[in-house]
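This is what each chain is made of:
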Amino acid sequence: MRAPLSWLREHAELPADIDGRALAERLIAAGLEVETVERPGHDVTGPVVVGRVVAFEDEEHSNGKTIRWCQVDVGESEPRGIVCGALNFAAGDLVVVALPGSTLPGGFAITARTTYGHVSDGMICSVRELGVGDDHAGILVLTVDAEVGADAVELLGLRDEVLDIAVTPDRAYCLSIRGLAREAATAYGVAFHDPVALDPLPVDDGGHPGEIADPTAADRLVLRTVTGLDPDAATPVWMQRRLVLCGMRPVSLAVDVTNYVMLETGQPLHAFDRSRVKGPIVVRRAEAGERLETLDHVDRALDGEDVVIGDDTGPVGLAGTMGGLTTEIDAGSTDLVLEAAHFLPVPVARMSRRHKLSSEASKRFERGVDPELPPLASTRAVRLLAELGGATYAGSSEVRHPQAVRAIELDPSRPGRTAGLPITPDDVARTLEQIGAAVDRGAERWTVTPPTWRPDLADPADLDEEVIRLVGYDTVPAALPHAPPGPGLTDRQRLRRRVGLALAHAGYVETPSYPFMAESVLDALVLPGDDPRRDALRLANPLSDEEPLLRTTLLPGLLAALRRNVGRGTADVALFEVGLVFRPGPDPLPAAPRPSVAARPSAEEIAALDAALPEQPTRVAVVLAGELEPGGWWGPGRAAGWADAVEAARAVARQARVTLSVSADQHAPWHPG
């Protein structure tokens, strides 16, 4: 999440003297991962001012291009003559002028130069040249009332600081300016102004009808109808600038407003062209054989588990992920239906991965969005469309399946005992109330109701973490636990260490790899169809869809490491790995129990857990390529051969105190013999 400091200041009364780096340090101390602090616009130097076009003459040149020779008032005694290739402005318009001696974003220096038979004494700037957006088709015409000659850099907010924050899955609320501003306000102990602290628009009969056909996919759907949107209304420069700073491309007013509100509040919105929606908007599961062409122009075959938004014609969008092409708003759309829903995380996450389609909306829904946001965020969007585009609110509809209120029983002394800190009950209550929780103090145990935007707070341990985080991780004392007396390493652990040291002394480098593999590597190893190494367990929720299997051999990881080294110019390689492989037997594994975390599992539960696991033997593997002994002034090198691999096996056997017999064999993927 990219967060401009100026935007955060709108909602958190931060001290005037802090900069982005100082704020980043406070947020890092509070547990957020601030990766970088960028300073866009700080490379803009020199006079960049507001000018007024006094007059111009259109001139057509021999190359077929029409230019304008303009007289521009920049607050000096005489207008400046400037050549401009754009035609989208008129006499009297306010524009941004970069005067000679200034530098625009990207180090673009402005000088007076002769072009098309005139001396152009400056440059009238476009949106792209100012770093505000991507539009380079025409000049930026200012719609605000500004004084001629005023500093345009200050007027447009070109200089800012942007915090780039890696939001962890449990902090979905930080995928918004609202959430980050709340954290910033808490870090500095200043006031926070909630952007959605407003009265939602009423629900009446004038809105477009909606329905939730599958409550396991969504529990809230709010539809707001607006009419009379001016299709020619442009997105204001300040909004375009913020979208660009947050990494999004301005498109049109309607689209930009939905994206702006999503970034501000964390609630994804989608705008439908009302004239293209046929019948009620329904949240449901996809039916067999249905297809949908999404906004990225990909025709997708839908799965029965996919959550779609549909109308009488069929699916019109992947819920919480991406809209469909048939109801897309365009340059002529005037009547819109704004959809704000609360989709449940798991269905959206599965659908996003199934279609390999990750969007800004799906990133938020799969982590958990505040279920109270849809009516508030959609109200904010309607008001922006009315203010900026002349739209008229035409009614709303809402469907809701209320969820149970989450309440957590908490011993107020627990956070202090967990951290080893003297945290008083008053400190516990204050920090929990800072994050928006409601605290009902009892005599011995409290009832804490987490805020709706914090679905990650589910048990007392979560509350402990929040209290300790806000008190300060740096205040937690560092004390090493005393190691209990014991027999030390087991014989198996000692053997593993001896094997690793022996191979390292022989010149091999240990390269641990992930215990996952793709089914294609078994084909690449040319394993026979009945080879037991083909009997691999498939993960229910793999880290990567490309490697969904638990490895049955160490070779795929080692050969991949070898390939990376050789591909980067390191041809002389000797690698080894000591690790587990997973070998299920012929009988299906029983389901694993889920013991309570309140007490240590019983012996029977541990035995049941062990029975649900496959056999996991320890394996040792080496790979060699190129020269084993490098050449030099001492003589020629020696290429690695099969005998070196056999000697590596003997080195392992010596540490295990066994003797190997060596004979020809036929064992895939090796050459027979």
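In what follows, the structure referred to is the one given above.
Our subject in this report is the structure included herewith. (Residues numbered from 1 in each chain as written. Predicted model: local features only at pLDDT ≥ 70, side-chain atom pairs only at ≥ 80, totals over all residues. Heavy atoms only, no water.)

**Considering the overall build of the protein**
- Helix and strand counts for the protein come out as 17 helices and 34 strands.
- Taken over the C-alpha atoms alone, the protein extends approximately 100 × 80 × 60 Å along its principal axes.
- By residue count, 44% of the 673 residues in the protein fall in the buried class.
- Once local pairs closer than 6 in sequence are excluded, the contacts in the protein between residues at least 24 apart make up 70%.
- Counting only carbon and sulfur atoms, one obtains 53% of the accessible surface of the protein, whose full area is about 34000 Å².
- The centroid of the 65 positive side-chain charges in the protein is displaced by 7 Å from the centroid of its 98 negative side-chain charges. (Helix = DSSP H or I, 4+ residues; strand = E, 2+ residues; numbered from the N terminus. Buried < 20%, exposed > 50% of the residue type's maximum accessible area, 1.4 Å probe, protein only. Contact = heavy atoms within 4.5 Å. Areas by Shrake-Rupley, 256 points an atom, 1.4 Å probe, with all protein chains shown as cover. Lys, Arg positive; Asp, Glu negative; His and termini not counted. Charge placed at Lys NZ, Arg CZ, Asp CG, Glu CD.)

**With respect to the state of the cysteines**
- Within this structure, the stated rule accounts for zero disulfides.
- We note that Cys84 lacks a disulfide partner, and the nearest cysteine sulfur, in Cys70, lies 5.4 Å from it.
- Cysteine Cys174 remains unbridged, with the sulfur of Cys246 as its closest cysteine sulfur at 14 Å. (Disulfide = S-S within 2.5 Å.)

**Quick look at the sheet that holds strand 22 (residues 322-323)**
- Sheet architecture is open: five strands sit in the order 14-17-20-21-22, paired in mixed fashion. Across the chains shown, the open sheet's two edge strands, defined by having one partner strand only, are strand 14 (210-212) and strand 22.
- Relative to strand 17 (residues 281-285), strand 14 runs parallel, the two sharing three bridges. Within strand 17, the position partnered with Gly210 by the bridge is Ile281. (Pairing = 2+ DSSP bridges.)

**Considerations on helix 15 (residues 555-567)**
- When the terminal C-alpha atoms of helix 15 are compared, their 18 Å separation across 13 residues agrees well with the 18 Å that a helix rising 1.5 Å per residue should span.
- Residues of helix 15 that are buried include every one of Leu555, Pro556, Leu558, Ala560, Ala561 and Leu562, and no others.
- Among the structural elements, strand 29 (516-517), helix 14 (519-524), strand 31 (573-580) and strand 32 (618-625) are those in contact with the buried residues of helix 15.
- One or two residues past the end of helix 15 sits Gly569, with phi positive at roughly 95°. (Expected span 1.5 Å × (residues − 1).)

**Some remarks on the pattern of salt bridges**
- The final tally for this structure, using the stated rule, is 42 salt bridges.
- Glu466 is paired through a salt bridge with Arg469; the nearest N and O atoms lie 2.8 Å apart. Of this pair, Glu466 and Arg469 both sit in helix 12 (residues 460-471), three residues apart, which is roughly one turn of the helix.
- Residues participating in the shared-partner salt-bridge network are Arg171, Glu183, Arg454, Asp456, Glu466 and Arg469. (Salt bridge = Lys/Arg side-chain N within 4 Å of Asp/Glu carboxyl O.)

**So, the side chain of Asp306**
- Of note, Asp306 is situated in the loop between strand 19 (299-301) and strand 20 (307-311).
- According to the relative accessible area criterion, Asp306 is buried, its value standing at 0%.
- At 2.4 Å, the side chain of Asp306 forms a polar contact with the side chain of Arg354.
- Here the side chain of Asp306 touches His355 through a polar contact of 2.7 Å, side chain to side chain.
- Sequence-distant contacts of Asp306, defined by excluding residues within four places in its chain, comprise Arg284, Arg285, Ala286, Met351, Arg354 and His355. (Polar contact = N/O pair within 3.5 Å; in protein donor to acceptor, adjacent residues only side chain to side chain.)

**Section: the sheet that holds strand 32**
- Across the sheet, three strands lie side by side as 28-31-32; this open sheet has mixed pairing. Looking at which strands have only one partner, the edges of the open sheet turn out to be strand 28 (509-510) and strand 32.
- In terms of strand pairing, strand 31 meets strand 32 through eight bridges, oriented antiparallel. Across the sheet, the residue bridging to Glu577 is Ala621, located in strand 32.
- Contacts between helix 15 and the sheet are confined to strand 31 and strand 32, with strand 31 contributing the most and set at about 155° to the helix. (Axes fitted to C-alpha atoms, helices over the stretch in contact; angles between N-to-C directions.)

**Points about the nonpolar core**
- By size, the foremost hydrophobic cluster in this structure holds 54 residues, and its most contacted members are Leu14, Leu23, Leu163, Leu180, Val257 and Leu385.
- Leaving out residues up to four positions away in the same chain, Leu14 has contacts with Leu5, Arg9, Leu23, Ala184, Tyr188 and Val190.
- Grouped together as the second largest cluster of nonpolar side chains are 24 residues, Ile212, Val283, Ala341 and Phe343 included. (Core = buried A, V, L, I, M, F, W, Y, C linked by side-chain atoms within 4.5 Å.)

**Let's talk about the environment of Glu305**
- Here Glu305 shows up in the loop between strand 19 and strand 20.
- Owing to a relative accessible area of 42%, Glu305 belongs among the partly exposed residues under this scheme.
- In this structure, the C-alpha to C-alpha distance between Glu305 and Arg285, residues 20 residues apart in sequence, is 6.1 Å.

**What about the packing of aromatic side chains?**
- One pass over the structure, following the stated rule, counts six aromatic pairs.
- Centre to centre, the rings of Phe56 and Phe89 are 5.8 Å apart; their planes meet at 70°, and the pair counts as edge-to-face. Linking Phe56 in strand 3 (residues 48-60) with Phe89 in the loop between strand 5 (80-84) and strand 6 (94-98), this pair joins segments that are 33 residues apart in sequence.
- Aromatic side chains Phe343 and Phe365 sit 5.2 Å apart centroid to centroid with 75° between the ring planes, which places their arrangement in the edge-to-face category. Here Phe343 is found in strand 23 (residues 336-343), whereas its partner Phe365 is found in helix 8 (residues 360-365), with 22 residues between them in sequence. (Phe/Tyr/Trp six-rings, centres within 6.5 Å; stacked < 30°, edge-to-face > 60°.)

**Quick notes on the packing of helix 5 (residues 237-245) against helix 6 (residues 253-265)**
- At a minimum axis distance of 10 Å, the contact between helix 5 and helix 6 shows a crossing angle of 55°. Compared by their axis directions, helix 5 and helix 6 come out oblique. The element helix 5 and its partner helix 6 pack so that their crossing is left-handed. When helix 5 is examined against helix 6, the residues Trp238, Met239, Arg242 and Leu243 are found in contact with a partner set consisting of Asp256, Val257, Asn259, Tyr260 and Leu263.
- In terms of residue class, the contact of helix 5 with helix 6 is made up of six nonpolar, one polar and two charged. (Parallel < 35°, antiparallel > 145°, perpendicular 65-115°, else oblique. Left-handed = near helix turned anticlockwise from the far one by under 90°. Nonpolar A, V, L, I, M, F, W, Y, C, P; charged D, E, K, R; others polar.)

**Describing the environment of His42**
- With respect to the helices and strands, the residue His42 is situated in the loop between strand 2 (33-38) and strand 3.
- Distance in space between the C-alpha atoms of His42 and His355 is 40 Å, their sequence separation being 313 residues.
- When near neighbours in sequence (up to four residues on either side) are disregarded, His42 contacts Arg159, Asp160 and Glu161.
- Within the local environment of His42, its side chain forms a polar contact with the side chain of Arg39, the two groups lying 3.2 Å apart.
- A polar contact of 3.2 Å, which involves the side chain of His42, links it to the backbone oxygen of Asp160.

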